[in-house]
Structure formats: C-alpha cells, structure tokens
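Structure at a glance
Read off the chains here:
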Amino acid sequence: MAPSLNSTLEANGNSSNDGKSPDVNWEEMGFSLTPTDYMYVMKCSIGDNFSQGSLIPFGNIELSPCSGILNYGQGLFEGLKAYRKEDGRILLFRPEQNALRMKAGAERLCMPSPSIEQFVDAVKQAVLANERWVPPFGKGSMYVRPLLMGSGASLGLGPAPEYTFLVYVSPVGSYHKGQRSLNLVVEEKQHRASPGGTGGIKTVANYSPVLDALTRAKAQGFSEVLFLDATTGKYIDEGSACNIFSVKGNSISTPPTHGTILPGITRKSIIEIARKLGYQVEERPVALDELLDADEVFCTGTAVVVTSIGSVTHQGRRVEYKTQADTVCQKLRETLTGIQMGGLEDTMGWMVEVN
Ligand code: COI
C-alpha cells in the first residue's frame, strides 16, 4: 500500500517538512537540484499496462546492475514546469504534451508508457505533495522531471522485463543564471543525432553524447554548442539542451521535427504564439550560412524558456545578433511567460491547474 503523506513526513532528511516554507533563497536559485519531499513511482512488467502508482519519500532508488537503463540506455525523460500564480494557485504548462512525447519515445524504445491521464495525474500528485517547494509568484518555478526506464534485468540485448515511471521535482531559477543572452559555438567534429536515430525523442542517451562538445565550449567561454546536421554539415540541428530559431525581418525559421530535431513543447508553443502575433513562421531546414546572416537568433526549451543568442562563432568568426529590448525574442518570451505565470489570458487553454 502507498505510504500516506503523514507517515513519510520524517523520511526525507532534507527538512522537517512541517508544511511551512522551506529554507530556500528563491532569489539566488539557479538550475540545480534541491531535494524535495516526495516522488511518484509506478512500475509495470513488459506486456502489461501501468496501473497503480504511489508517492514515496524522495530519495535514492534501487536498480539491478543488469537493468535495461544502466546497460542499454533504455530510458526517457521529460521536463515541464509548474508555476505559482499571484493568487497562490499552481499551474502546469501543457503537461499532456509531455505525456504524448513520452508515449512516442516509449514506442521507439520498446517500452510500455503511462497513459496521458496517468502521466498528468502523476505530475499533479508530485507537484501537490511538494507544494511548499513551488517558488513564490515571480521567483522561479518548479521543474518536474518524469522518467521512464527499463528497470528490470536483461543481460542479453532486448527490452527489459520491468519498467519504472518516476516523477521527481525541484524548485529552479534561470538555467543560464546571470546570462541575458548566450554565446554559441558551432561544433564541427561531433553530431548529436543522425537520420533514423533517436534525436526526435527524449531518450536519456541523447544527452551524454553532447557533453564532450559542451564541456569544450564552456572551457572556451561559450555558453552553448550549436550542432550541425550529420549528413551534410550545412544545416543547423539543435543546441545541447534547446531548439534554435533564426529571425530575419518578419520571418522566423526553425528546423522541422521530422528527423533529428526534438519536438520541443516550448518550440511548438513559440511557433503558435509567433503566428498569432503575425510573424511568418517556417519549419524547414535552416542553413548555417542563413543563420549567420540572421537579424536575431534565439533558443527555446523548458529549462532555457526563450533566450536570446548574442553570438554564434564558426571557425573562429564571431557573428553578433540583436538582443534585449525590442527584439522578436523578447516579445515572444514575454507572451509565453505571461501566459505561464498568469499575467496574460490563456486564450489557448494551455495551463492546467494542479490544486
Ligand atoms: C529541458 O529543457 O527540460 C531539458 O530537457 C533540457 C535539459 C537538458 C535540462
């Protein structure tokens, strides 16, 4: 039986959890883990459907050394945010979109997945159980990280016999704290995804291969890496943790998602907002040469939200772009975050109330 919230109050060493505000300096928060009180866990065997999950104290999990996730990278993650409105209500941004993306990824990796309703319900339960960790209005958000993994043991290569769906949460601030715009460097040796591969799903295995390029970029003072397509090396792919948009006049372009590009939910929302605001938006291959000739470049993602790119460096040549005031990026960001924080009317029906 699921432990009740009260019976697990002592379990987390993080705090006494007396329901009061945690001792967090919300102003100083960046994007790092603050352990919270509970996480949601649900298990299922291969061939079965997920049925009953529960909240347990946040903490380490036990896995077979032979599990599918540890040996063969059979795993997916999601990322979405909960926001506290000025009136105290807590809202999620398009959680069903994350559920759908996890479902698509699970099919690609031969895993069962929770239903859309189960996913959204689990996210709501995890956020509500950790409600005191949702930052006050305007002071950040709660990042929600659903995981789906092959947790059963499988020595030979094949789908794991058992799966775990887990949702943990952490209050977060800005992903690139202290940087109002980012400086990208074009990666020329490595690619993050190739046609027919898994670039279009949010598998955990897409993220460690970018670490080498990201680490080298950071060592040289850049904030992010811009990957190119693996076939011709002429077109932009993504950043290590974000989708990329190019702006020229009234026209906004971003690479299409059929192929290697992750179908970002912020990406999709920004396209919808931009079209509503009257911009011409094209989802098509964007040549690096075109990007280097753009008026503006920006990136999107749950973690990065919508962030201006101040420069792109390619083969030692640094191209600078318009940032800050009166940019397309700023308009789109203000509209999106206005909807997310509750300052603007949610005419698209994107926000889902938690409590
Ligand atoms: C997100 O934006 O939620 C992501 O998944 C990026 C992650 C690498 C921090």
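The structure contained in this document is the topic of the report that follows.

Conventions used here
Throughout, residues of each chain are indexed from 1 in the direction in which the sequence is written. Since the coordinates come from a predicted model, pLDDT governs what is reported: local features require at least 70, and pairs of side-chain atoms require 80 or more to be given and counted, while whole-chain, interface and lining totals use all residues. For the side-chain quantities, the full set of heavy atoms in the structure was used; hydrogens and water were omitted. Working definition: helices are DSSP H or I runs of at least four residues, strands are E runs of at least two. Numbering for both runs from the N terminus. Between the two quantities, the radius of gyration covers C-alpha atoms and the globule rule is 2.2 Å times the number of residues to the power 0.38. Per-residue accessibility, obtained with a 1.4 Å probe over protein chains only, is compared with the maximum for each type, and a residue is labelled buried under 20%, exposed over 50%, and partly exposed between these values. What makes two residues a contact is simply this: any of their non-hydrogen atoms within 4.5 Å. Charged residues are defined narrowly, with Lys and Arg counted positive, Asp and Glu counted negative, and His plus the chain ends left uncounted. Taken as the charge centre is NZ of Lys, CZ of Arg, CG of Asp or CD of Glu, depending on the residue. Summary of the distance rule: residues count as near a molecule or strand when at least one heavy atom falls within 4 Å of that molecule or strand. Counting of polar contacts relies on pairs of N or O atoms within 3.5 Å, with two restrictions inside protein: one atom must be capable of donating a hydrogen and the other of accepting it, and residues adjacent in sequence are counted only when both atoms are side-chain atoms. The Shrake-Rupley method, run with a 1.4 Å probe, gives the accessible areas here. Residue values count only the displayed protein chains as cover. Only Asp, Glu, Lys and Arg are considered charged, only Ala, Val, Leu, Ile, Met, Phe, Trp, Tyr, Cys and Pro nonpolar, and every remaining residue, Gly among them, polar. Any Lys or Arg side-chain nitrogen found within 4 Å of a carboxyl oxygen on Asp or Glu counts as a salt bridge.

Re the overall build of the protein chain
- Looking only at helices and strands, one finds 7 helices and 16 strands in the protein chain.
- Against the 2.2 N^0.38 benchmark of 20 Å for 355 residues, the protein chain shows a C-alpha radius of gyration of 20 Å, consistent with a compact globule.
- By its C-alpha atoms, the protein chain is 60 × 55 × 40 Å across when sized along the principal axes.
- When each of the 355 residues of the protein chain is scored for burial, the buried share is 53%.
- Once local pairs closer than 6 in sequence are excluded, the contacts in the protein chain between residues at least 24 apart make up 70%.
- One finds the centroid of the 33 positive side-chain charges in the protein chain at a distance of 3 Å from the centroid of its 38 negative side-chain charges.

Overview of the site of the ligand
- Around the ligand sit Phe77, Gly79, Tyr143, Arg145, Tyr175, Lys202, Tyr207, Ala241, Thr302 and Ala303, and those are all the residues in its vicinity.
- Within the backbone of Ala303, an N or O atom sits 2.8 Å from an oxygen atom of the ligand.
- Starting from 280 Å² of accessible surface for the ligand in isolation, the protein chains cover 89%.
- Of the residues assigned to the shell around the ligand, the class counts are 6 nonpolar, 2 polar and 2 charged.

Some points on the pattern of salt bridges
- A full pass over the atoms with the stated rule returns 16 salt bridges.
- In this structure, Asp295 and Lys248 form a salt bridge, with 3.8 Å as the shortest nitrogen-oxygen distance. Here Asp295, found in the loop between helix 6 (288–292) and strand 13 (296–301), pairs with Lys248, found in strand 10 (residues 243–248); they are 47 residues apart in sequence, far enough to count as distant.
- Beyond isolated ion pairs, a larger network of salt bridges with shared partners links Asp87, Arg89 and Glu353.

Remarks on unusual backbone geometry
- Not every positive phi belongs to a glycine, and Gln315 is a case in point at roughly 50 degrees.
- Along the chain, the position of Gln315 falls in the loop between strand 14 (305–314) and strand 15 (317–320).
- Backbone geometry at Gln324 places phi at a positive 65 degrees, although glycine is not the residue there.
- For Gln324, the position within the fold is in the loop between strand 15 and helix 7 (328–341).
- Given the relative accessible area of 30%, Gln324 is considered partly exposed.

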